[in-house]
Amino acid sequence: MNIVANWSYPTAIKLGRGRIKELAEACKLLGLKKPLLVTDRGLASMAITAHALDVLHEAGLGRAVFSEVDPNPNEKNLEAGIKAYKDGGHDGVVAFGGGSGLDLGKLIAFMAGQTRPVWDFEDIGDWWTRADASKIAPIVAVPTTAGTGSEVGRAGVLTNSATHVKKIIFHPRMLPGVVICDPELTVGMPRVITAGTGMDAFAHCLEAYCSPFYHPMSAGIALEGMRLVKEFLPRAYKDGSDIEARTNMMSAAAMGAVAFQKGLGAIHSLSHPIGAIYNTHHGMTNAVVMPPVLRFNRTAIEEKIARAAAYLGISGGFDGFYDYVLSLRSDLGVPENLTAMGIAPDRVDELTAMAIEDPSCGGNPVPMTLENTKALFLECF
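This section reports on the structure supplied with the text. (Residues numbered from 1 in each chain as written. Predicted model: local features only at pLDDT ≥ 70, side-chain atom pairs only at ≥ 80, totals over all residues. Heavy atoms only, no water.)

Quick word on the pattern of salt bridges
Part 1 of the argument: The tally for this structure, following the rule as stated, stands at 18 salt bridges.
Part 2 of the argument: Its salt-bridge partner being Glu-184, residue Arg-17 comes within 2.7 Å of it at the nearest N-O pair. Highlighted residues: Arg-17 in the loop between strand E1 (12-15) and helix H1 (23-29) and Glu-184 in the loop between strand E8 (178-181) and helix H6 (191-210), separated in sequence by 167 residues.
Part 3 of the argument: Residue classification places Arg-17 among the exposed residues on the basis of a relative accessible area of 54%.
Part 4 of the argument: On the basis of relative accessible area, Glu-184 is assigned to the partly exposed category, the value being 34%.
Part 5 of the argument: Of the charged contacts in the structure, one is a salt bridge between Lys-83 and Asp-87, with a shortest N-O distance of 2.6 Å. On the criterion of helical spacing, the pair formed by Lys-83 and Asp-87 is a turn pair, its members being four residues apart in helix H4 (residues 75-87).
Part 6 of the argument: Residues joined by salt bridges that share partners form a network here, namely Glu-224, Arg-227 and Glu-231. (Salt bridge = Lys/Arg side-chain N within 4 Å of Asp/Glu carboxyl O. Helix = DSSP H or I, 4+ residues; strand = E, 2+ residues; numbered from the N terminus. Buried < 20%, exposed > 50% of the residue type's maximum accessible area, 1.4 Å probe, protein only.)

Here it is as structure tokens:
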């Protein structure tokens, strides 16, 4: 068997309590003299953001901030961010926050020097080669949640405000040059966000592990990522100030995003359109659709999941793993189904069409068609 693969692994990560104090040093390492800190509206007024800006200011790097970022960022947010970046004469970005702040920060650094529209760089084939790589600004990423793992990703998710379709914009140089994972920044996360972001990390690991593509490095990382979530997410949920649990969840989040280079699947191709149309929390939506997707994929993943269950210390193979997922969801207050999330099945045909177009669809172990995907969606209500 002739095995051929292209692998890309992430970047310099500074993990540990209090390491936000190294933010200015990280900027200088990348040659930044006037960074723009990009975050979301909710975080802009919080103490952790003020502290990060103080660290920059004290090092002579200014305290410029852009926070017009929606929960599902769109091209209008990007346009406003690029304007702020250019008007301020900035030379790089500190992407600060959860998935939305990180993604938009990365996209501003990527797009500020480009002349083509952002949609020309969608993650399709080699579209990324259309970009002028020399014009991509350096990025320092600082996650404040433990879920998306966008801090170690080479793409950003952008919602088209006209069509409500989420697009993945990709370029290898969108990978941040330095990442600061300081668990103290996640201590103030509300329990519902701890649960949703933690389940996002778990979904990334689970789908990457189950993806049929060849990538044993990612598969190994996905497996250990699931173990960290199993051990530490309930602890972080129960006691938000548990620094050991928060640190391990930051590791699991980064691991999930590294792992999904191997692929994602139906959990994400269902949750992306739901999030785009109904503005639901991405990680929580993943958690809601997870059990129906596991049932849908069972024939293709039963053996793999049995191996994972053994590693995770769960008895009973696939059934034991499935029951574990149900019990974890219940412990974290995840809604039972999409109906409990307040969503009606009246737009299921539209959701199905969007799910089939989603790039995650191709990594699902069972091939997705309009017919079986619509049936899967209906199972989620």
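The structure having been displayed, the exposition proceeds.
Digging into the side chain of Thr-194
Part 1 of the argument: Mapped onto the fold, Thr-194 is located in helix H6.
Part 2 of the argument: A residue is classified by how much of its surface remains accessible, and Thr-194, at 3% relative accessible area, is buried.
Part 3 of the argument: Setting aside chain neighbours within four positions, we find Thr-194 in contact with Met-189, Leu-233, Ala-236, Tyr-237 and Arg-246. (Contact = heavy atoms within 4.5 Å.)

Overview of the side chain of Lys-14
Part 1 of the argument: Here Lys-14 lies in strand E1.
Part 2 of the argument: An unpaired buried charge is present at Lys-14: no salt bridge exists, and Glu-22, the closest side chain of opposite charge, is 4.3 Å distant.
Part 3 of the argument: Ignoring anything within four residues of it in the chain, the contact list for Lys-14 reads Arg-19, Glu-22, Val-178, Val-179, Ile-180 and Cys-181. (Lys, Arg positive; Asp, Glu negative; His and termini not counted.)

Some words on the packing of aromatic side chains
Any pair of aromatic rings gets described here by the distance separating the centres and the angle formed by the planes.
Part 1 of the argument: What the rule picks out here adds up to six aromatic pairs.
Part 2 of the argument: Both rings, one in Phe-321 and one in Tyr-324, keep their centres 6.4 Å apart while their planes meet at 55°; by these two values the pair is tilted. Taken together, the residues span about one helical turn, with Phe-321 and Tyr-324 both in helix H11 (residues 317-331) at a distance of three residues.
Part 3 of the argument: Here Phe-321 falls in the buried class, since its relative accessible area comes to 1%.
Part 4 of the argument: The residue whose ring lies beneath Arg-191 is Tyr-237, and the NZ or CZ to ring-centre distance is 4.3 Å.
Part 5 of the argument: Against the face of Tyr-324 rests Lys-230, its NZ or CZ located 6.0 Å from the ring centre. (Phe/Tyr/Trp six-rings, centres within 6.5 Å; stacked < 30°, edge-to-face > 60°. Lys NZ or Arg CZ within 6 Å of the ring centre and 35° of its normal.)

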